[in-house]
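Breakdown of the fold
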Amino acid sequence: MMIRTQPEKEVTKTTLPKISLGLESKLDQLPKNLLCFSHLRWDFVYQRPQHLLTRLSESATVYFFEEPIFEANEKPFMIFSQRQPNLWVCTPHLARGLSQDEINQQLRELTSFFFINKDTDDFIFWYYTPMALEFSSHITPGLTVFDCMDELSAFKFAPQQLKDLEQSLFERADIVFTGGHSLYESKKKNHDNIHAFPSSIDKKHFAKARDSRMEPEDQAWIQGPKIGFYGVIDERFDIGLIEAIATARPEWSLMLIGPVVKIDQATLPRNENIHYLGSKSYEELPLYLSGWDVALVPFLLNDSTKFISPTKTPEYLSGGKPVVSSAIRDVINPYGKNGLVSIASSPEEFIDAIEGYLDFADRKEWLKKVDKFLLTNSWDFTCSDMTELMSLAFTDRKVVTMPLNNVSAVGG
């Protein structure tokens, strides 16, 4: 087994406020290391895992274990890439052509090698994918957290064994978080210590979009009202809806930002007023958002979107942009019910809602309402609340009992 270390990548650094003393005191009660098993790559799209783990790395050493990269090498090895002073991205490199059993065996060996001379009790295991149990279940950490951010079994190309492994993870986890209220309702019977934590925001970051139009060059030249979306363009994305809007309103410009995955790019509409700008960094998103007139959440209604809580919804609002969304349950409640977002169920309803926002007469009053609603919506608050619950769960595992011989014993 080999470990290779890369220097800190400046391009991925994000400056965050220091965690409050209250949160630091809670973190002091927890294991000092956190190993996250993720199906998402750190450099793919900056979202929930990056927001939470970057904040947690202010007071703990965080290791982000990605899915492997396959190449023509003979021996498995791991590359450690430093992204913050206490945050490392761990990327396994395996040979091509391995069976799934061989992949899991080599990942299991890499994981065991990682823990040489380390105290597993001083680690939190933080799971985003139950599939990681296939190579990590032989190690017992001080605390096990399942941050269930999506219904992964409903996604395209989901492994058949994922549901069984998820049930095993529920049995092993000391505490479970869900990425939204709908997902919580679906999963709450599976664990007795489960809590809903919908998408949060970094208000200061996205509020930059309100200051002025600071558009990058690849967007600034485009004319007409700008209707935008950023995020992953995959099987959840309503391609037909985008094409219908673009066709019905050729004077509008539709800005689509993000990677295209798991769908054939040849199926994407190519109207002249649809602009695919590719992936952008988290730091760049407010700059693009600043030039939009209306933002979209254009998702299909299917099994893969039944329980999602799109992070972009509060981010758009924090940037001061009106939002038109498909009838996603966690967007309807609370954003639609509070009059902050328009919900549409057809291309015609999307177009009507967008036109209404382009002639928005009560923007100031609407913004006041948005800001009041978002007042307590923050990744800092979410991280603090999660940490408090983790501390309680960790304390419960270390309950002190008094056996018959009057010698204290720690059970867990």
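So, a few notes on the structure that sits alongside this text. (Residues numbered from 1 in each chain as written. Predicted model: local features only at pLDDT ≥ 70, side-chain atom pairs only at ≥ 80, totals over all residues. Heavy atoms only, no water.)

Once that is clear, we can look at the environment of Gln-84. Here Gln-84 lies in strand E5 (residues 77-84). Between the C-alpha atom of Gln-84 and that of Thr-54, which follows or precedes it by 30 residues, the distance is 7.7 Å. (Helix = DSSP H or I, 4+ residues; strand = E, 2+ residues; numbered from the N terminus.)

The six strands are arranged E13-E12-E11-E14-E15-E16 in an open sheet whose pairing can be described as parallel. On the outer flanks of this sheet lie strand E13 (274-278) and strand E16 (342-343), each paired with one strand and no other. Seen against the sheet, helix H10 (residues 239-248) touches strand E12 (253-257), E13 and strand E14 (294-297) and runs at an angle of roughly 155 degrees to E12. (Pairing = 2+ DSSP bridges. Contact = heavy atoms within 4.5 Å. Axes fitted to C-alpha atoms, helices over the stretch in contact; angles between N-to-C directions.)

For a regular strand, the rule is simple: side chains alternate between the two faces of the sheet. Residues Val-294 and Leu-296 of E14 are buried on one face, and the alternating residues Ala-295 and Val-297, pointing to the opposite face, are buried as well. Note: strand E11 (residues 226-230) against E14, two bridges, orientation parallel. In the strand pairing of E14, Ile-227 is matched with Val-294. The sheet contact formed by E14 and strand E15 (residues 323-325) spans three bridges and is parallel. What sits directly across from Ala-295, in E15, is Val-323. Handedness of the crossover is the feature at issue here: the chain leaves E14, passes through helix H12 (residues 312-318), returns alongside E15, and the resulting connection is right-handed. (Buried < 20%, exposed > 50% of the residue type's maximum accessible area, 1.4 Å probe, protein only. Right-handed = clockwise from strand over helix to strand, strands pointing away.)

Okay, the packing of helix H2 (residues 48-56) against helix H16 (residues 379-397) next. At a minimum axis separation of 10 Å, H2 and H16 run at an interaxial angle of 65 degrees. Classified by the angle between their axes, H2 and H16 sit roughly perpendicular to one another. Regarding H2 and H16, the two cross each other, and that crossing is right-handed. Residue-level contacts link Arg-48, His-51, Leu-52, Arg-55 and Leu-56 of H2 to Trp-379, Asp-380, Thr-382, Cys-383, Met-386 and Thr-387 of H16. (Parallel < 35°, antiparallel > 145°, perpendicular 65-115°, else oblique. Left-handed = near helix turned anticlockwise from the far one by under 90°.)

For the rest of this paragraph, the subject is helix H3 (residues 100-114). Between the first and last C-alpha of H3 there are 21 Å, a value that for 15 residues agrees with the 21 Å anticipated at 1.5 Å per step. Ile-103, Asn-104, Gln-106, Leu-107, Leu-110, Thr-111 and Phe-114 are the residues of H3 that are buried. An end-on view of H3 places all buried positions within 165 degrees of arc, on one side of the element. (Expected span 1.5 Å × (residues − 1). Arc of directions from axis to C-beta.)

Worth remembering: the numbers are spatial, not functional.
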